Amino acid sequence: MSSILRRSSDRDATAPPAPLGVALYGCGTVGSGLVQVLRARESLAGRVSLDLLHVVVRDIAKRRAVAHPDGVLSRALLPPIDDPRVQIVVELIGGIEPAHTLIVHALNSGKHVISANKAVIAAHGAELESLAAQNRVLFKYGAAVGGAIPILHALRGPLRHEPVRSIRGIVNGTTNYILTQMAEQGTSFEAALASAQAHGFAEPDPFADVSGLDAAQKIVILARHAFGRWVSLDDVELTGIDRVSADDIRAAHAEGASLKLVADARMDGDRIRMKVAPALVSPNDPLYAIRNEMNAIVIDTEFSGSLVFAGPGAGAHPAGSAVFSDIAAVARRVAGRRGS
Ligand code: HSE
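On a predicted model such as this, the values are computed, not experimentally measured, just so you know.

Peer 1: Mind showing me how you'd approach the overall build of the protein here?
Peer 2: Scanning the protein from N- to C-terminus turns up 11 helices and 12 strands. What you see for the protein is a C-alpha radius of gyration of 21 Å, in line with the 20 Å of a compact globule of 340 residues. Looking at the protein as a whole, 51% of its 340 residues are labelled buried. If you sum the accessible surface of the protein, you get close to 15300 Å²; carbon and sulfur atoms cover 52% of it. On the protein, the mean spot of the 35 positive side-chain charges and the mean spot of the 34 negative ones are 7 Å from each other.

Right under this line is the structure:
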């Protein structure tokens, strides 16, 4: 039996609870942001403390935004998951492999998993959720969509009872940053993209952002929580901003509108229709005022009408904070089980 499932009567009731061991995979922009939030806010996790035991990276020698104690950094892929002290595995490496292999291994080893990896969740979310249920562990990925906006929490929690008609929004910070800089500063596409990369908003291969793929992965994940079922990424009608020109942006402006990359999922009979494409947004649309790396998501519901969620959609601290929120939720759950 995993130590988190041990009954409290098995332990000395007066002893402080053992810290929850965490293994972090990936220490780039989001990983470094998470470590900073972790160090600042660890006590918010609840009745348990957190111990960052392993940070697994591709290149140990690389200069990073955060330093780690000796022995924490490693390149070993699966051994940190097998460390019996580790109860939470945080996957922030992105892409399908080796992320999929390590998440499957962690769930099958009885470890809770937190991920911000849109690619692996959009492709394998159904399998990973079912593995988590089978192994009676948590699989959380609130940071995968909307950065710091707790949109998945809202859909899974307070809005769970609401029939959702449609969900629509700006879910990629990089493209919104590029379009804003081109429109407001006259910056070239290339210079705006380089700036988005320098700010840590873009994916390692920014074509995932500009092609609309990142937004498509996010609308698949949003659709799962809005409509209750997993849909295929192949079903998203996809157009990126790679062919958007300064002339297109000027033409939008001349019409009193703004050009945005908009992701949309809606029910059409029994079908879920999904689309990501540049769209003209008028000033009376809540998406019009969303600038730079900000994201916004508009949910049209049956009983509550239209709900708008907005906030920073990319960047080290907003994304790190969203990952921390999932870690804290797991820690509270573990503390609750220990106390029951
Ligand atoms: N590249 C992503 C974006 C990062 O720009 O939105 C956050 O998911």
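Once the structure has been displayed, the description carries forward.
Peer 1: Explain the site of the ligand here, please?
Peer 2: Close to the ligand lie Lys118, Asn172, Gly173, Thr174, Phe201, Ala202, Glu203, Asp209, Asp214, Lys218, Gly313 and Ala314. Between a nitrogen atom of the ligand and a side-chain N or O atom of aspartate 209, the distance comes to 2.8 Å. Lysine 218 has a polar side-chain atom sitting 2.8 Å from an oxygen atom of the ligand. Relative to its unbound accessible area of 250 Å², the ligand is 89% covered by the protein chains. Sorting the residues of the shell around the ligand by element identifies helix 6 (173-185) and helix 9 (213-227) as the ones contributing at least two each. Along the lines of polarity and charge, the residues of the shell around the ligand split into 3 nonpolar, 4 polar and 5 charged.

Peer 1: How do you make sense of the packing of aromatic side chains when you look at a structure like this?
Peer 2: Aromatic ring pairs are described here by two measures, namely the spacing of the ring centres and the angle between the planes. In the structure shown here, the tally under the stated rule is 2 aromatic pairs. Aromatic side chains phenylalanine 139 and tyrosine 141 sit 5.3 Å apart centroid to centroid with 50 degrees between the ring planes, which places their arrangement in the tilted category. On the basis of relative accessible area, tyrosine 141 is assigned to the buried category, the value being 0%. Summarising the aromatic geometry, the rings of tyrosine 177 and phenylalanine 201 are spaced 5.5 Å apart at their centres and angled 65 degrees between planes, so their arrangement reads as edge-to-face. You can see tyrosine 177 sitting in helix 6 and its partner phenylalanine 201 sitting in the loop between helix 7 (189-198) and helix 8 (207-210), a full 24 residues away along the chain.

Peer 1: What is the right way to look at the packing of helix 3 (residues 99-108) against helix 4 (residues 118-134) in this model?
Peer 2: Packed helices, taken two at a time, are described by their axes: the angle between them and the distance between them. Where helix 3 contacts helix 4, the axes come no closer than 10 Å and their chain directions differ by 10 degrees. On the basis of the axis angle, helix 3 is roughly parallel to helix 4. Pair helix 3 / helix 4 crosses with right-handed handedness. For the pair helix 3 and helix 4, contact is made by His100, Ile103, Val104, Leu107 and Asn108 and by Val120, His124, Glu127, Leu128, Leu131 and Ala132, respectively. Of the residues in the contact of helix 3 with helix 4, the class split is 7 nonpolar, 3 polar and 1 charged.

Peer 1: What is the right way to look at the pattern of salt bridges in this model?
Peer 2: Charged atoms that come close allow side chains of opposite charge to pair. Summed over all chains, the structure comprises 11 salt bridges. For aspartate 214, the salt bridge is made with lysine 118, and the minimal N-O distance between the two is 2.9 Å. In this pair, aspartate 214 is assigned in helix 9 and lysine 118 in helix 4, connecting sequence segments 96 residues apart. For the pair aspartate 214 and lysine 118, a shared accessibility class is recorded, and that class is buried. In this structure, arginine 291 and glutamate 184 form a salt bridge, with 2.7 Å as the shortest nitrogen-oxygen distance. Within this pair, whereas arginine 291 is found in the loop between strand 10 (271-281) and strand 11 (294-301), its partner glutamate 184 is found in helix 6, the two being separated by 107 residues in sequence. Here arginine 291 falls in the partly exposed class, since its relative accessible area comes to 39%. Each of Lys118, Glu203, Asp214 and Lys218 takes part in a single network of salt bridges with overlapping partners.

Peer 1: Can you walk me through unusual backbone geometry in this structure?
Peer 2: The phi angle of most residues is negative, glycine excepted, and most peptide bonds adopt the trans form. Cis geometry is found at the peptide bond from glutamate 97 to proline 98, where omega equals 5 degrees. Tracing the sequence through the fold places proline 98 in the loop between strand 4 (86-91) and helix 3. Even without glycine at this site, arginine 136 takes up a positive phi of about 55 degrees. Inspection of the secondary structure assignment puts arginine 136 in the loop between helix 4 and strand 6 (139-140). Unusually for a residue other than glycine, asparagine 292 sits at a positive phi of about 50 degrees.

Peer 1: What am I meant to see in helix 7 here?
Peer 2: Residues lying three or four places apart along an α-helix face the same way, a consequence of the helix completing one turn every 3.6 residues. Here helix 7 has its buried residues at Phe189, Ala192, Leu193 and Ala196. One side of helix 7 holds all its buried residues, which, seen down the axis, span an arc of 100 degrees. Across helix 7 from its buried face, at more than 90 degrees, point the exposed residues Glu190 and Ala198. In this structure, the buried residues of helix 7 make contact with helix 6 and helix 8.

Cut-off values and rules
Residues numbered from 1 in each chain as written. Predicted model: local features only at pLDDT ≥ 70, side-chain atom pairs only at ≥ 80, totals over all residues. Heavy atoms only, no water. Helix = DSSP H or I, 4+ residues; strand = E, 2+ residues; numbered from the N terminus. Rg over C-alpha atoms; globule rule 2.2 N^0.38 Å. Buried < 20%, exposed > 50% of the residue type's maximum accessible area, 1.4 Å probe, protein only. Areas by Shrake-Rupley, 256 points an atom, 1.4 Å probe, with all protein chains shown as cover. Lys, Arg positive; Asp, Glu negative; His and termini not counted. Charge placed at Lys NZ, Arg CZ, Asp CG, Glu CD. Near = heavy atom within 4 Å. Polar contact = N/O pair within 3.5 Å; in protein donor to acceptor, adjacent residues only side chain to side chain. Nonpolar A, V, L, I, M, F, W, Y, C, P; charged D, E, K, R; others polar. Phe/Tyr/Trp six-rings, centres within 6.5 Å; stacked < 30°, edge-to-face > 60°. Axes fitted to C-alpha atoms, helices over the stretch in contact; angles between N-to-C directions. Parallel < 35°, antiparallel > 145°, perpendicular 65-115°, else oblique. Left-handed = near helix turned anticlockwise from the far one by under 90°. Contact = heavy atoms within 4.5 Å. Salt bridge = Lys/Arg side-chain N within 4 Å of Asp/Glu carboxyl O. Arc of directions from axis to C-beta.

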